[in-house]
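Commentary on secondary and tertiary structure
The chain contents come next:
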Amino acid sequence: MTDAKKLYIRTYGCQMNVYDSERMAEAMGAAGYRQTDSPEDADMILLNTCHIREKAAEKVYSELGRFKPLREANPDLKIGVAGCVAQAEGEEIMSRQPMVDLVVGPQSYHRLPQMEARVRDGKKALDTDFPVEDKFDTLRNRPKARRGPTAFLTVQEGCDKFCAFCVVPYTRGAEVSRPATRVLEEARDLVERGVREITLLGQNVNAYHGEGPEGGDWSLARLIWALNDIDGLERIRFTTSHPNDMTDDLIAAHGQCEKLMPYLHLPVQSGSDRILKRMNRKHTAESYLRLIERIRAARPDILISGDFIVGFPEETEADFRATLDLIEEVNYGYAFSFKYSERPGTPAAERAQVDEDAKAERLQRLQSLITRQQRAVQDSMVGHNVKVLFEKSGRQPGQMVGKSEYLHAVHVSDSSLAPGELASVEITESGPNSLGGRLARMPAA
Ligand code: SAH
Ligand code: SF4
Ligand code: F3S
């Protein structure tokens, strides 16, 4: 395979794009490409893009600009744009940046090998269809390469919720769930290749309703229970969930399913009912808080994380304070927060905008509150034992880094540890972004 062509992929955006990039590399592997870490070596560069906020989308064009010298030095270098910007902007990308040879949307990347052949012939290739064939199915014959201890597995795609600020329903299309049998098959394959923790992915993963092995629909909880039976799989996570799809069986699974980790990402976006209504979220601050109560009743130590948008159109200081109040009440272990960004084609982009200074000021206040909560939750781990799944070497010699059940990064200096190992760690220190500790003596079985 010395003459394999080389593919460089850069991934932006959410975990679903990380999963998709792996699948694109596999599809291109079948077309004789091997992945490289340096764009300078590549015969093809693919940017797997994100359209969620203006900055994310603009980054694509500045990145493309930076590849210009590479293209000038090597006219055979092919450049492609994949993902959500590809879906949203399609042909426009090629007119704005003529150097781009190929544009492929997130639902058509199984057709990459044919598209590659076309661009090798000096033509342009564009595919932003939502095809009827299952892109996952055509990617089943992948190589049995060894994997690291953790993996993503997409089980659901698209979104029917149409929050007024969000492009996902347009870039990823309608909600679709993969059949349970396919998911279980893929999970078993991952475990055979060394994976011990699987994170199930979906834009609305808890709305999963895939076909069950004997017909009928399976809920996400049912799927998680089936995964729980796979020997060798130690941990199950899922993301991202919508509050309105948090069903009773899923809440109960958090209390009962031993491999399901005590971490839940449950975005609320705002704590003001007036804004939630304008966002088309279809829940209130109160219903969210009651939901968190029920989840914590099922699993008291669960760590909750969330997403917030500040400066949504018409948000007042009083609305923003309601968000801070909600955050105080929930006590988040982690959160992502963003200034509202106008997205073309979404309803909220047409409304009266909050000025940038107010957005920046609110973001700063929100983030300092969240950081305080996050640090307090982290600090409370000191002196306790947590189970850590080790993933890779740390920065210092002999150091290994892994994740606790609560998704905190934990580093331990102990040369006896290897990636994939699950060990009990006594937490001795809490830093800005991670915990440190030493191996705890395992209790006798
Ligand atoms: N499906 C997931 C979120 C997908 S997008 C969910 O419903 O939670 C991830 C996050 O990006 C969102 O939760 C939201 O906080 C943020 N986001 C989406 N559109 C945005 C916009 N126009 N401006 C700012 N943040 C946005
Ligand atoms: Fe976007 Fe709302 Fe769908 Fe999440 S639920 S992907 S925020 S439209
Ligand atoms: Fe971005 Fe598309 Fe994910 S817009 S957040 S890459 S679904």
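Residues numbered from 1 in each chain as written. Chains lettered and ligands numbered in written order. Predicted model: local features only at pLDDT ≥ 70, side-chain atom pairs only at ≥ 80, totals over all residues. Heavy atoms only, no water.

As a further point, take helix α14 (residues 356-379). What sets the pattern is the α-helix's 3.6 residues per turn: residues three or four places apart point alike. In this model, α14 (24 residues) spans 34 Å end to end at C-alpha, consistent with the 34 Å of a helix rising 1.5 Å per residue. By the burial criterion, the buried members of α14 are Ala358, Lys359, Arg362, Leu363, Leu366, Leu369, Ile370, Gln373, Gln374, Val377 and Gln378. As for α14, its buried residues are in contact with β15 (303-310), α13 (317-330), β16 (334-339), β20 (422-430) and β21 (435-439). Where α14 begins, one side-chain oxygen reaches toward the backbone nitrogen of Asp357, 3.0 Å away; that side chain belongs to Asp355. (Helix = DSSP H or I, 4+ residues; strand = E, 2+ residues; numbered from the N terminus. Expected span 1.5 Å × (residues − 1). Buried < 20%, exposed > 50% of the residue type's maximum accessible area, 1.4 Å probe, protein only. Contact = heavy atoms within 4.5 Å. Polar contact = N/O pair within 3.5 Å; in protein donor to acceptor, adjacent residues only side chain to side chain.)

When cut into domains, the protein chain gives domain 1 (5-127), domain 2 (147-379) and domain 3 (385-439). Placing a centre on the C-alpha atoms of domain 1 and another on those of domain 3 gives a separation of 35 Å. (Domains from an automatic or database assignment.)

Take the side chain of Ser305 next. In this fold, Ser305 is placed in strand β15. According to the relative accessible area criterion, Ser305 is buried, its value standing at 0%. Reaching out from Ser305, the side chain makes a polar contact with the side chain of Tyr263 at a distance of 3.0 Å. Beyond its immediate sequence surroundings of up to four residues, Ser305 is in contact with Tyr263, Leu264, His265, Leu266, Pro267, Tyr332 and Tyr334.

This part is about the nonpolar core. Leu200, Leu223 and Tyr332 are the most contacted members of the largest nonpolar core, which totals 69 residues. Each residue touching Leu200, except ones within four places of it in the same chain, is listed here: Leu153, Val155, Val205, Leu220, Leu223, Ile224, Leu227, Ile236, Arg237, Phe238 and Thr239. Ranked by size, the runner-up nonpolar core spans 22 residues in total, among them Ala42, Leu47, Phe67 and Ile93. (Core = buried A, V, L, I, M, F, W, Y, C linked by side-chain atoms within 4.5 Å.)

Our focus in this paragraph is the site of ligand 1. Taken together, 15 residues form the shell around ligand 1, and within it Phe165, Gln203, Gln269, Asp307 and Ser341 come nearest. At 2.6 Å from an oxygen atom of ligand 1 is found a side-chain nitrogen or oxygen belonging to Asp307. Considering ligand 1 on its own, with 540 Å² of exposed area, one finds that the protein chains cover 89% of that surface. The set of elements that each furnish at least two residues to the shell around ligand 1 consists of β15 and β16. Considered class by class, the residues forming the shell around ligand 1 number six nonpolar, four polar and five charged. (Near = heavy atom within 4 Å. Areas by Shrake-Rupley, 256 points an atom, 1.4 Å probe, with all protein chains shown as cover. Nonpolar A, V, L, I, M, F, W, Y, C, P; charged D, E, K, R; others polar.)

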